[in-house]
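# Structural features, examined
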Amino acid sequence: VFCVKPDFVFREVRLALFVDGCFWHGCPKHAPRPKTNRAFWRNKLGGNMARDRRVTRCLRQSGWRVVRIWECQLQKNPLKCVRRIREVLSS
């Protein structure tokens, strides 16, 4: 049972994988800050990050492991991301 749909699901090992976009999910290093309509974007992006925390908590409480990878991490070092996923899958 999912609170939302992860990007990838490994049902047999109960792993939910999310690839979070830097802008929409608030990457602390790469999320651009919109110059206009700041209050709207602060609320919108803050809500997205709060939802991500709720989804992660919900899935973990349901017995799922959750891996979140930033878009920038995947672009910069995809093999490192694959190794991280493999580590979780093998644990």
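Structure report, in brief. (Residues numbered from 1 in each chain as written. Predicted model: local features only at pLDDT ≥ 70, side-chain atom pairs only at ≥ 80, totals over all residues. Heavy atoms only, no water.)

Spatially, the three strands line up as an open sheet ordered 1-2-3, and their pairing is mixed. Each end of this open sheet is capped by a strand with a single partner; those strands are strand 1 (8–10) and strand 3 (65–70). Neighbour-to-neighbour, the strand axes of the sheet open up by a mean angle of 15°, direction not taken into account. Two strands pair when backbone bridges link them, and strand 2 (residues 15–20) and strand 3 are joined in this way by six bridges, in the parallel orientation. Looking at the pairing, Asp-20 lines up with Trp-70 of strand 3. Across the sheet, helix 2 (residues 38–61) touches strand 2 and strand 3, and the angle it forms with strand 3 is around 150°. (Pairing = 2+ DSSP bridges. Helix = DSSP H or I, 4+ residues; strand = E, 2+ residues; numbered from the N terminus. Axes fitted to C-alpha atoms, helices over the stretch in contact; angles between N-to-C directions. Contact = heavy atoms within 4.5 Å.)

Let us now look at the nonpolar core. Judged by nonpolar contacts, Leu-15, Leu-17, Val-67, Ile-69, Cys-81, Ile-85 and Val-88 together constitute the single largest core of seven residues. Secondary structure elements with two or more residues in this core: strand 2, strand 3 and helix 4 (78–90). The biggest single contributor to this core is helix 4, with three residues. Those residues in contact with Ile-69 that lie beyond four places of it in its chain are Leu-17, Phe-18, Val-19, Asp-20, Leu-74, Cys-81, Arg-84 and Ile-85. Membership of the second largest hydrophobic core comes to six residues, among which are Ala-16, Phe-18, Val-55 and Leu-59. (Core = buried A, V, L, I, M, F, W, Y, C linked by side-chain atoms within 4.5 Å. Buried < 20%, exposed > 50% of the residue type's maximum accessible area, 1.4 Å probe, protein only.)

With that out of the way, let us pick up the pairing of strand 2. With five of six residues buried, strand 2 lies mostly within the body of the structure. When strand 1 meets strand 2, the two strands line up antiparallel, connected through three bridges. Opposite Val-9, over in strand 2, you have Ala-16 as the bridge partner.

Empty space within the largest pocket amounts to approximately 310 Å³. Lining of the largest pocket is provided by Cys-27, Pro-28, Lys-29, His-30, Trp-70, Cys-72, Gln-73, Lys-76, Asn-77, Lys-80, Cys-81 and Arg-84. Residues that form the lining of the largest pocket fall into these classes: five nonpolar, three polar and four charged. If you go around the second largest pocket, the residues you meet are Gly-26, Arg-33, Pro-34, Arg-38, Trp-41, Arg-42, Leu-45, Gly-46 and Met-49. In terms of residue class, the lining of the second largest pocket is built from four nonpolar, two polar and three charged. (1 Å grid on protein atoms, 1.4 Å probe; cavity = no way out; pocket = protein on both sides within 12 Å on 5 of 7 lines; lining within 4 Å. Points joined across faces, edges and corners; volume = space filled by probe spheres on them. Nonpolar A, V, L, I, M, F, W, Y, C, P; charged D, E, K, R; others polar.)

Quick look at the packing of aromatic side chains now. Throughout the structure, instances matching the rule amount to four aromatic pairs. Measuring from ring centre to ring centre gives 4.8 Å for Phe-23 and Trp-24, while their planes differ by 85°; the resulting arrangement is edge-to-face. What makes Phe-23 partly exposed here is its relative accessible area of 22%. Given the relative accessible area of 43%, Trp-24 is considered partly exposed. Consider the rings of Trp-24 and Trp-41, whose centres lie 5.8 Å apart with planes at 55°: the pair is tilted. One end of the pair, Trp-24, is in helix 1 (residues 22–25); the other, Trp-41, is in helix 2, and 17 residues separate them in sequence. Over the ring of Phe-18 we find Arg-68; its NZ or CZ atom is 4.1 Å from the centre of that ring. (Phe/Tyr/Trp six-rings, centres within 6.5 Å; stacked < 30°, edge-to-face > 60°. Lys NZ or Arg CZ within 6 Å of the ring centre and 35° of its normal.)

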